Amino acid sequence: MSAPSARAGQQSPTQGLRAPDVHYVPTPEDVVRAMLKVAKVGKNDVVYDLGSGDGRIVIMAAQQFGARGVGVEIDPQLVLEAHDNAKQAGVANRVQFLLQDLFETDFSEATVVTLYLTQDVNLRLRPKLWRELKPGTRVVSHDFSMGDWQPEKVVRIDRSVIYYWTIPAKAATRP
């Protein structure tokens with residue numbers, strides 16, 4: 001996996017997309033590790049981080065859990081920073097960062113999806129997750145739930161809350 005580039009359906013790293021839905025706030029390292037542990041990430045996983053910021057979640061997934069990772073980010077500066085961080089961490093060959101709108105991205109290959117968005121964005125994203133992800137795909141959110149979709153696990157770390165779900169077998173038919 002290489003540096004961000006302009007591919008079909010993808011902007012170049014210096015072009016802007018629409019305004020972000022959320023302001024970037026980094027997930028603390030201990031929370032990142034806990035999110036990946038709750039999802040039982042392993043070497044056969046493909047972790048998609050939607051709103052990936054500086055890339056820390058997919059970088060840790062590759063570096064400490066052996067997974068492959070894809071970060072989806074709308075801010076071109078953060079995509080460049082994430083790519084640099086992956087090179088410095090020695091995992092640039094296991095991760096990639098896409099300058100894309102997460103509502104337009106195809107993340108159907110994911111076995112794990114991580115989120116640190118907002119309640120509103122999670123609720124808008126939920127139908128796409130149910131439509132595109134395979135049954136059994138794990139979804140982990142930092143601090144924000146999915147409304148009436150009850151989590152299977154809730155883990156508290158200091159002031160942070162981690163929510164965990166798996167995509168059910170009949171998810172595509174749900175609202």
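Residues numbered from 1 in each chain as written. Predicted model: local features only at pLDDT ≥ 70, side-chain atom pairs only at ≥ 80, totals over all residues. Heavy atoms only, no water.

**Re the overall build of the protein**
Next up, step 1: Looking only at helices and strands, the protein features four helices and seven strands.
Next up, step 2: Each helix (α) and strand (β) of the protein, taken in turn from the N terminus, gives the series α-β-α-β-α-β-β-α-β-β-β.
Next up, step 3: Expressed as a percentage of its 175 residues, the buried residues of the protein come to 50%.
Next up, step 4: The contacts in the protein between residues at least 6 apart in sequence include a share of 68% that link residues at least 24 apart.
Next up, step 5: About 8300 Å² of surface is accessible on the protein, with carbon and sulfur atoms providing 49% of the total. (Helix = DSSP H or I, 4+ residues; strand = E, 2+ residues; numbered from the N terminus. Buried < 20%, exposed > 50% of the residue type's maximum accessible area, 1.4 Å probe, protein only. Contact = heavy atoms within 4.5 Å. Areas by Shrake-Rupley, 256 points an atom, 1.4 Å probe, with all protein chains shown as cover.)

**Focus on the sheet that holds strand β5 (residues 138–142)**
By way of backbone hydrogen bonds, the strands of a sheet pair with one another, either parallel or antiparallel.
Next up, step 1: Across the sheet, seven strands lie side by side as β3-β2-β1-β4-β5-β7-β6; this open sheet has mixed pairing. Looking at which strands have only one partner, the edges of the open sheet turn out to be β3 (95–99) and β6 (153–157). Taken over all neighbouring pairs, the strand axes of this sheet differ in orientation by 20 degrees on average, direction set aside.
Next up, step 2: Bridge count for strand β1 (residues 46–50) against strand β4 (residues 112–115) is four bridges, and the pairing is parallel. Within β4, the residue paired with D49 across the bridge is T114. (Pairing = 2+ DSSP bridges. Axes fitted to C-alpha atoms, helices over the stretch in contact; angles between N-to-C directions.)

**Here's the deal with the environment of L117**
Next up, step 1: For L117, the location among the structural elements is in the loop between β4 and α4 (119–132).
Next up, step 2: Its relative accessible area of 6% is what places L117 among the buried residues.

**Examining the nonpolar core**
Next up, step 1: Grouped together as the largest cluster of nonpolar side chains are 29 residues, with contacts concentrated most on L36, V41, V47, V95, F97 and I162.
Next up, step 2: Looking at which element gives the most residues to this core, the answer is helix α2 (residues 56–65), with seven residues.
Next up, step 3: Residues contacting V47, with those up to four places away along its chain left out, are V41, V58, A61, A67, R68, G69, V70, V112 and T114.
Next up, step 4: The next biggest cluster of nonpolar side chains, apart from the first, holds 25 residues, and it includes V72, V113, V121 and M146. (Core = buried A, V, L, I, M, F, W, Y, C linked by side-chain atoms within 4.5 Å.)

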